[in-house]
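# Remarks on the overall topology
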2 protein chains.
Amino acid sequence: MFNKKIVVVGGVGGGASAAARARRLDESAEVTMYEKGPDVSFSNCSLPYHLSGLIPDANSIILKTPEQFKKQYNIQAEVNSEVVDIDSKQKTVQVKDTQTGALRTVNYDELILSPGAKPVMPQIIKGIDNKNVFSIRNVVDIKRIQKYLVDNDVTDVAVIGGGFIGLEVIENLGQTGKNLTLIEMADHVLGTIDDDFAQLVHKNLYDNDVNVILEDGLVEVDDDQIRLVSGKTIKAQAVIMAIGVTPDIALAAKAGCKIGVTGGIEVNQQYETSIPDIYAVGDAIEVTNMLTRQKTRLALAYPAQMEARDAVDHIYGRPIQNKGVIGSQVIHLFDLNVASTGLTEAACEENQIEHRAVTVIPQNRVSVMPDTSPIFLKLVFGYPSGEILGAQAIGKSGVDKQIDVIATMISMHGHIDDLTHLELCYSPWFSTAKNAVNIAALVAENILNDEYQQVSISKVRSLVEKGAFIIDAREPNEYAAGHITTSVNIPLSQFRQRLDEIPTDRPVYIHCQSSQRSYNMVRALDNLGYKNITNISGSYLELMQYEYFKDQTTNRESILTNY
Amino acid sequence: MFNKKIVVVGGVGGGASAAARARRLDESAEVTMYEKGPDVSFSNCSLPYHLSGLIPDANSIILKTPEQFKKQYNIQAEVNSEVVDIDSKQKTVQVKDTQTGALRTVNYDELILSPGAKPVMPQIIKGIDNKNVFSIRNVVDIKRIQKYLVDNDVTDVAVIGGGFIGLEVIENLGQTGKNLTLIEMADHVLGTIDDDFAQLVHKNLYDNDVNVILEDGLVEVDDDQIRLVSGKTIKAQAVIMAIGVTPDIALAAKAGCKIGVTGGIEVNQQYETSIPDIYAVGDAIEVTNMLTRQKTRLALAYPAQMEARDAVDHIYGRPIQNKGVIGSQVIHLFDLNVASTGLTEAACEENQIEHRAVTVIPQNRVSVMPDTSPIFLKLVFGYPSGEILGAQAIGKSGVDKQIDVIATMISMHGHIDDLTHLELCYSPWFSTAKNAVNIAALVAENILNDEYQQVSISKVRSLVEKGAFIIDAREPNEYAAGHITTSVNIPLSQFRQRLDEIPTDRPVYIHCQSSQRSYNMVRALDNLGYKNITNISGSYLELMQYEYFKDQTTNRESILTNY
């Protein structure tokens, strides 16, 4: 019926999904997949877990062999086969055997490019090509790193870049007892969360003995040390580069496919490139952010799989939807989990999107149950629209749940009101009756209605320096255990009898442990006619973590009496 | 400014939330809460966890004392104070001191009823009032049970009713080594999941040495045994009644508030009863199901809290939304978690809603990671609309996440298409790249588009009996380890070479382990022009569990060679 010849360039998430989808839609198609590496299908996101031994056998990361593709799906998967040229007029590709160098020409009806993205390795860094400098893209890479670390009794490793891959390498090498240094060019790790939440991650890295160096970059690699832009030298017998990836566009560009503003291959709504019958999917393309409506790149597994599926559906005349991406991600880092979706506050500012954000710190389950732990949850929303724009969550429990719920709301164009009334699963075993996302939305609703004022914990240091009037609304025993040096302790349980201690002629800032008690006090004082009462969002729990890393790593004076 | 006098009848979720909200909106209000029991605020959902000792001190389940309400919120919380009468013309209530019997009259501007629901205790059961028969509503009850079990060295307990409370009692007493019998009147436990999924719960109970008796009821209680409708006698020195709750409407009815068709207090969109200035919230009222548009009752914590908040908002002239409820719930049961939201297939049938359902069984995280376990996920959706109507999930990992995402989709009127493209958090630590809900939606899309046929595992036994042609698409070693007695083993990896073994003149049913391989084979055979090829939804993984409990507890012949 169809008898199409479909050629797929690149395996893994995008390529393998495209090939399998083509087979499911068309038993008559001839489907061939060319992969330049030795493995056509592996879990690239699982690679770092080999470094800790959590995945003892690196070969197990390989999900499907060419033989399995052949037997199960009748898909021809050819490894060590690099597509080096495309003749889009003749509709042929040139395939090079990477082991023999032999070239052959193969024709196609439809060509799907899924070349992925490659680690950035700036040649300006001296020694970048040394044998002790590594990057991570495939099973071969991770085996090579592991072998080098073992063969050379490496005790000190420097990881360059504090994104997801860099942190996953840190997390896994952290289990092996090596001395680790993480170097990040920006002022905080993880571009997918805001600066205040990143401080919680910095603290976690610090607490796990990782030497974290921010706002610095690699200049030179030696056998046993590296040198940074700042002039610092760091002991390291191995260096893992994880400063980012760049779309692998060489083949597409050579063929004449238009390259987009972000440096990724430009595609239309159906993932067609600018050349007929050539599609592109995965990390190499540029996509549209649903929220900013701007072009972006998103190197994530599931979007790649859906793009591949949709491209093939289009080949077979099926209508597809392409609403753009929002980006949802999560990382496990020692005993913390960090998840996020949509836009950060920083991204809103960059895109000039008027917004507000709230931070709440509910417990992961009912306080009377054992092993409860706090969830730090930030909800970002449009102002005055109330449109949900993004969220970030950090905690010991699986904060992926909260972020997945908010990601769902974002993709459905949900409003703060939709989140306040959302009925989620509850049992004391799993959560609090008011779920964390409900609580965040309830606070957000107050901000949206301009019912009360708040200030971020990032402003507390300057408030202290300016001598602002700060009330600590916790009980005296909590205050005694540690507090903001200049704060006055007026517990929620006492303030109605101590109103004369609260000034009316200057701004008053209130915090407690997690903002719940301070919120009640702010509302009551507003009600009583006080002007200029402000809640400190995030309260003491976030403030401690926010100040910690900088207090420990610089000589500055702490604004807290204790931790 | 306001100086309203607000009287709240009943504490806990609804009452305490109403009182606290009133205080936050109005510092001038006089807020009084009357609770007939000794505790005004406790985590009722946490009560069963005292029986296992997970919560060692039952008093810790009390969240707030009257003193704390007074000091923190300036709320007058009076315990052991039962409101016994309402004069809605004079706007007064009569309060009885339950310890002295003394009565007093209190006036109100606004009255909020939050009386809750009480355990059903049919007086027709002989011995129902014996001292060894218990129900669970408050801290006093749970202390009393615990004391009785210890003081009397109880070794055998019967739990009557397989709903959430009954199962949570089973789960907690199960940790103490007692002999447990669970008696359920229906043919399966948990009305919030369908029969097929309930079999997985039955197996779990059976595997944990719980004597599960279905379709039977309690007739008589003795000191050391109980007698059932069937005539069976069961050894039990203590009986815990958990067959359901009934709304506590006596006070409202006496005052003349209209009672709805479901037996709950009737309220309008703003939670006003039929009498001016009397509101009702929580387990005692009837609400509207967003999906069926029918009146219903929903005894869950968060809806009660939101109703309370909304009622108070309405008192203060704030607009509220009331879209109706969907019901989302989760239970931890030994090593399994069971969660659900929206409508079951059974509920769709009952409400004559044309629907389809799919069951998928993905792993909770990437297969190369350690400690993976399957998630049984059923997605129910409208046909031909594709509107998402409900979901059920069972697994060792936290299936609350999948259900929360689908609950969010339902409340936003999401369509199957919205779920296929949903971007959720992914890392091998947390999930598979194609998240379980994505996978369910992708299969649902095929059903919605009438692209392939499926049959539920509940039909397999009759297929076997009728001698249907069933293909087991797994590899020979999997087939050897256990299979459907009458199935033919044609692995996905071999079928293209063995097409001549597949009949064209009769229906063919295909399954594998989790439906992934069989799905691919079905699609290929459809493509090759075969008619009447049907996938067995749920496949071997669900079938084993589905058949297990009945195979073990009856004398019927198994349709499986092994487990």
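Here the residue numbering is sequential within each chain, running from 1 through the sequence in written order. Written order decides the labels, with chains lettered from A and ligands numbered from 1. Local features are withheld for residues below a pLDDT of 70 in this predicted model, meaning they are given only at 70 or higher, and side-chain atom pairs are given and counted only at 80 or more; totals for whole chains, interfaces and linings count all residues. Each side-chain value is derived from all of the structure's non-hydrogen atoms; neither hydrogens nor water enter the calculation.

- You'll find chain A entered in an unreviewed UniProt entry as Putative NADH oxidase (Putative), with Companilactobacillus nantensis DSM 16982 given as the organism.
- If you open the UniProt record of chain A and go to Sequence similarities (unreviewed entry), you find "Belongs to the class-III pyridine nucleotide-disulfide oxidoreductase family."
- UniProt positions are given in the numbering used here, feature names are shortened, and annotations may be inferred rather than shown by experiment. For the record of chain A, the UniProt heading Cofactor (unreviewed entry) holds the text "FAD".

### What to know about the nonpolar core
- Only buried Ala, Val, Leu, Ile, Met, Phe, Trp, Tyr and Cys residues count toward a nonpolar core, and they belong to the same one when joined by side-chain atoms within 4.5 Å. Burial classes follow relative accessibility: with a 1.4 Å probe on protein chains only, a residue under 20% of its type's maximum area counts as buried, one over 50% as exposed, and anything between as partly exposed. Leu377 and Leu379 of chain A together with Leu377 and Leu379 of chain B are the most contacted members of the largest nonpolar core, which totals 122 residues.
- The contact partners of Leu379 of chain B, leaving out residues within four places of it in the chain, are Arg356, Ala357, Val358, Ile388, Gly390, Ala391, Ile406, Ile416, Leu419, Ala440, Ala441 and Ala444 of chain B. In what follows, a contact means two residues having at least one pair of non-hydrogen atoms within 4.5 Å.

### Considerations on the pairing of strand β12 (residues 156-160) of chain A
Residue and element names in this part refer to chain A.
- Of all the 5 residues making up β12, 5 are buried; the element is thus mostly covered by neighbouring parts of the structure.
- In β12, alternate side chains face the same way, and those of Asp156, Ala158 and Ile160 on one face and Val157 and Val159 on the other are all buried.
- Sheet analysis places β12 next to strand β13 (residues 179-184), joined by 5 bridges and oriented parallel. Counted as the bridge partner of Ala158 is Thr181 from β13.
- Crossovers are marked right-handed if the path from the first strand over the helix to the second runs clockwise, as seen with the strands pointing away from the viewer. The helix and strand labels rest on DSSP assignments: H or I over at least four residues marks a helix, E over at least two residues marks a strand, and numbering proceeds from the N terminus. With helix α4 (residues 164-174) bridging β12 and its parallel neighbour β13, the resulting β-α-β unit is right-handed.
- Two strands qualify as a pair provided that DSSP identifies no fewer than 2 bridges between them. Bridge count for β12 against strand β18 (residues 238-241) is 4 bridges, and the pairing is parallel. Bridging from a neighbouring strand, Ile160 pairs with Met241 of β18.

### Quick look at the sheet that holds strand β9 (residues 110-113) of chain B
Residue and element names in this part refer to chain B.
- Reading across from one edge, β5-β2-β1-β9-β20 is the order of the 5 strands in this open sheet, with parallel pairing throughout. Of all strands in the sheet, those bounded by a partner on one side alone are β5 (76-78) and β20 (278-280). For this sheet, the mean inter-axis angle between neighbouring strands, taken without regard to orientation, is 15°.
- Sheet analysis places strand β1 (residues 5-9) next to strand β2 (residues 30-34), joined by 5 bridges and oriented parallel. Directly across from Val7, in β2, lies its bridge partner Thr32. Axis geometry follows a simple rule: fit a line to the C-alpha atoms, using only the stretch in contact for helices, then measure angles between N-to-C directions, giving values from 0 to 180 degrees.

### Let's talk about the relation of the copies chain B and chain A
- The least-squares superposition of copies is restricted to C-alpha atoms, and to residues with a pLDDT of at least 70 in both copies. Taken as rigid bodies, chain B and chain A are interconverted by a rotation of 180° and an axial shift of 0.0 Å, the fit giving an RMSD of 0.0 Å. This pairing of chains is accounted for by a two-fold axis.
- The share of interface residues of chain B whose copies in chain A are also at the interface is 100%, consistent with both copies meeting through the same surface.

### What to know about the side chain of Glu542 of chain B
Residues and elements named next belong to chain B.
- Assignment of secondary structure puts Glu542 in helix α15 (residues 539-553).
- The charged-residue count follows a simple rule in which Lys and Arg add positive charge and Asp and Glu add negative charge, with His and chain termini not counted at all. The salt bridge criterion pairs a side-chain nitrogen of Lys or Arg with a carboxyl oxygen of Asp or Glu, the two atoms within 4 Å. Buried and unpaired, Glu542 has Lys378 as its nearest opposite-charge partner, separated by 6.3 Å.
- For Glu542, the residues in contact, after removing those within four places along its chain, are Asp196, Phe197, Leu200, Thr359, Ile361, Phe376, Ile457 and Ser537.

### Considering helix α5 (residues 195-207) of chain A
Residue and element names in this part refer to chain A.
- The end-to-end C-alpha distance of α5 is 18 Å, a good match for the 18 Å that 13 residues give at a rise of 1.5 Å each.
- Burial of α5 is extensive: 10 of the 13 residues sit out of reach of the surface.
- Turning to α5, its buried residues number three or more, namely Asp196, Phe197, Ala198, Gln199, Leu200, Val201, His202, Lys203, Asn204 and Leu205.
- Looking one or two residues past α5, Asp209 carries a phi angle of roughly 65°, positive in sign. Every helix has an expected span of 1.5 Å times one less than the residues it contains.

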